[in-house]
Amino acid sequence: MNNTTLSLHERRHSQFIEYKDTLNDFISQMQQPLDKILIYRNSNEFSRESLLQNVIAQHQKIKTNDMFGDIRTIKYDPRFSKNSIALSANAHHLHTDGSFCKFPPSCFLLYFEETDPHGGVSTFLPVAEMLAAMPAAFLQAITESNFCITRSRHQTTSIDDVYIGPLLHNNQAGEQIFRWRNDNKVPIAIESAPDLNMAASAINWIQTYLSDTPYIEYKAKTDELICIPNYSFLHGRTKLSNISSSRCVYRVWLQ
Ligand SMILES: [Fe+2]
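Predicted, not measured: the structure shown is a model, and the values here were computed from it.

**Q** How should I be thinking about the overall build of the protein in this particular structure?
**A** What the protein contains, in helices and strands, is 6 helices and 15 strands. The C-alpha radius of gyration of the protein comes to 18 Å, within 12% of the 18 Å expected for a compact globule of 255 residues. Here the C-alpha coordinates of the protein stretch approximately 55 × 50 × 40 Å along the principal axes. Burial analysis of the protein (255 residues in total) assigns 29% to the buried set. Sequence-distant contacts, at least 24 apart, represent 78% of the contacts inside the protein between residues at least 6 apart.

This is the structure:
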């Protein structure tokens, strides 16, 4: 099949998603600058715990998450579903992880222990495509204005729970970081800006772009390990099929 006979969906998959046959290939690709989503299918070679510990040990750049520990379980839980989008059955709107952190994770792992046959599909959108489509005045606004992103509306337990700064900036290693989480639980606020209206319009433009642009869908299979470059892709998921969904995903943040 050549490129012209592929559907848009298939072309975007082959452009942005790469399958690795062995865990060694998966890990060595993770050590390079990543611009694709990596997938490794665990064929009962490792237990879930040993697989994740293996990757963590070899990567050696785990970002310890003070609230959830090294490995966070993401599963519908009625005790927390009102306060946590991750533990609810709702869709997760496109966002970047750790947007409230001084140093957001450069990538993160998702291990799918149980999947939902009719929901909980992973969604991705390349940051570079969005920035290329963004009007120059808005690009300038998200680079020059200071925005405030918190971990949650009510909870600030450490200095790493609040970020104040541009939505688009370079880190000390020269990598470009785009931060985004803007939903009714945690809306982005404008802290200060050369032009407040322009900063507000830039937020609105991004929100509209993310709502209107077809995202890449990936329906993970049970026992798949996925590595997502957090600076290159916004990510989310569709809502779970119902509240008895047994979808269970383990997440690890890496620097
Ligand atoms: Fe996330």
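**Q** Explain the packing of helix α2 (residues 23-30) against helix α3 (residues 48-59) to me, please; I cannot follow it from the model alone.
**A** A pair of packed helices can be characterised by two numbers: the angle between their axes and the separation between those axes. Two elements in contact, α2 and α3, have axes separated by 10 Å at closest approach and are oriented at 40°. Between α2 and α3, the angle falls in the class oblique. Helix-helix and strand crossings are classified by hand; for α2 and α3 the assignment is right-handed. Each of Leu23, Ile27 and Met30 in α2 lies in contact with α3, whose residues at this interface are Asn54, Val55, Gln58 and His59. Residues that form the contact of α2 with α3 fall into these classes: 4 nonpolar, 3 polar and no charged.

**Q** What should I look at first to understand the nonpolar core in this one?
**A** In globular proteins that are soluble, nonpolar side chains generally tend to be buried together. Core analysis: the largest hydrophobic core is formed by 45 residues, its most contacted members being Leu109, Leu110, Tyr111, Ile226 and Ile228. Per-element accounting of this core gives the leading share, 6 residues, to strand β5 (residues 107-114). In this structure, Leu110 is in contact with Ile226, Ile228, Val249 and Arg251, ignoring residues within four places of it in sequence.

**Q** Where do I start with unusual backbone geometry in this structure?
**A** In most cases, non-glycine residues show a negative phi, while peptide bonds are predominantly trans. One non-glycine residue, Asp223, lies in the positive phi region at around 75°. For Asp223, a count of 19 C-beta atoms within 10 Å puts it in the partly exposed group.

**Q** Can you walk me through the pairing of strand β1 (residues 17-20) in this structure?
**A** Both faces of the sheet carry side chains from a regular strand, because those side chains alternate between them. Here β1 pairs with strand β2 (residues 37-41) via 4 bridges, running parallel. By the bridge assignment, Ile17 is partnered in β2 with Ile37. Taken together, β1, α2 and β2 constitute a β-α-β crossover, and its handedness is right-handed.

**Q** What is the right way to read the sheet that holds strand β11 (residues 189-192) from this model?
**A** In a beta sheet, neighbouring strands are held together by backbone hydrogen bonds and run either parallel or antiparallel to one another. Reading across from one edge, β8-β7-β11 is the order of the 3 strands in this open sheet, with antiparallel pairing throughout. The open sheet has two edge strands with one neighbour each: β8 (162-165) and β11. Within the sheet, the average angular offset between the axes of one strand and its neighbour, ignoring direction, is 25°. Both strand β7 (residues 146-150) and β8 contribute to a ladder of 4 bridges, which runs antiparallel. Bridging from a neighbouring strand, Cys148 pairs with Ile164 of β8.

Reading the values: the criteria
Residues numbered from 1 in each chain as written. Predicted model: local features only at pLDDT ≥ 70, side-chain atom pairs only at ≥ 80, totals over all residues. Helix = DSSP H or I, 4+ residues; strand = E, 2+ residues; numbered from the N terminus. Rg over C-alpha atoms; globule rule 2.2 N^0.38 Å. Buried ≥ 20, exposed ≤ 12 C-beta atoms within 10 Å, placed from the backbone. Contact = placed C-beta atoms within 7 Å. Axes fitted to C-alpha atoms, helices over the stretch in contact; angles between N-to-C directions. Parallel < 35°, antiparallel > 145°, perpendicular 65-115°, else oblique. Left-handed = near helix turned anticlockwise from the far one by under 90°. Nonpolar A, V, L, I, M, F, W, Y, C, P; charged D, E, K, R; others polar. Core = buried A, V, L, I, M, F, W, Y, C linked by C-beta atoms within 7 Å. Pairing = 2+ DSSP bridges. Right-handed = clockwise from strand over helix to strand, strands pointing away.

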